[in-house]
Amino acid sequence: MLVRLMYASRAVPAVDHEELIAILRKSKANNPAVGVTGVLCFSGGIFLQVLEGGRSAVNKLYNRIASDSRHTNVELLVYEEIGERRFAGWSMGQVNMSRLNPALLLKYSERATLDPFSVSGQVSMALFQELMATASIVGQS
Ligand code: FAD
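Presented here is a report on the structure given in the accompanying data block. (Residues numbered from 1 in each chain as written. Predicted model: local features only at pLDDT ≥ 70, side-chain atom pairs only at ≥ 80, totals over all residues. Heavy atoms only, no water.)

## Re the packing of aromatic side chains
For any pair of aromatic rings, the description rests on two quantities: the centre-to-centre distance and the angle between the ring planes. Evaluated as defined, the whole model comprises three aromatic pairs. Where F87 meets F128, the ring centres are 6.1 Å apart and the plane angle is 70°; that geometry is what we call edge-to-face. On the criterion of sequence distance, the pair formed by F87 in the loop between β4 (71–82) and β5 (93–95) and F128 in helix α4 (residues 121–133) is long-range, its members being 41 residues apart. An identical accessibility class is assigned to F87 and F128; each is buried. Sitting above the plane of the F117 ring, R10 keeps its charged end 4.1 Å from the centroid. (Phe/Tyr/Trp six-rings, centres within 6.5 Å; stacked < 30°, edge-to-face > 60°. Helix = DSSP H or I, 4+ residues; strand = E, 2+ residues; numbered from the N terminus. Buried < 20%, exposed > 50% of the residue type's maximum accessible area, 1.4 Å probe, protein only. Lys NZ or Arg CZ within 6 Å of the ring centre and 35° of its normal.)

## Some remarks on the environment of E75
Secondary-structure assignment places E75 in strand β4. It is 16 Å that separates the C-alpha atoms of E75 and K60, two residues lying 15 residues apart in sequence.

Structure follows, in structure tokens:
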């Protein structure tokens with residue numbers, strides 16, 4: 001039983017590039033053991049993350065992440081049962097913001113900024129799909 005979960009959250013002010021690297025390092029260390037894959041995007045103080053894997057593993061991890069003091073306003077955007085993974089190649093991929101084309105953001109939202117709180121979960125998921133298609137996700141494992 002595989003599920004895909006996506007949430008958005010707001011980083012606390014103390015989260016900087018080094019903290020982001022620490023989160024990614026921890027994710028890459030922990031996720032393979034529980035069979036979780038996914039992608040994390042961090043832009044303008046907003047996290048957007050997709051987690052895929054067994055239902056129980058994803059649920060447990062999401063609950064742990066949601067209680068992490070490094071972010072607030074954790075909002076579940078998508079939760080679905082899936083037949084196959086979309087992000088199987090990443091224990092936790094990272095969106096390369098320098099390769100994020102503003103036109104891609106404009107395609108899906110009113111302004112060229114990442115704001116998953118103001119668009120539907122399906123729109124944010126479509127954005128992730130395009131990021132994958134344009135090789136804008138790094139950290140393949
Ligand atoms: P340890 O690393 O040993 O940590 C023990 C405790 O300390 C945990 O409760 C942890 O939350 C807390 N902690 C550790 N470092 C810090 C810190 N710098 N600031 C505040 N509290 C801290 N973890 C994953 O395993 N996979 C993921 O995909 C993942 N994605 C994340 C995405 C986001 C946006 C955030 C904010 C965190 C994410 N985490 C992820 C981290 C997760 O919330 C836990 O911190 C981590 O899983 C705990 O790992 P551990 O059990 O090895 O405990």
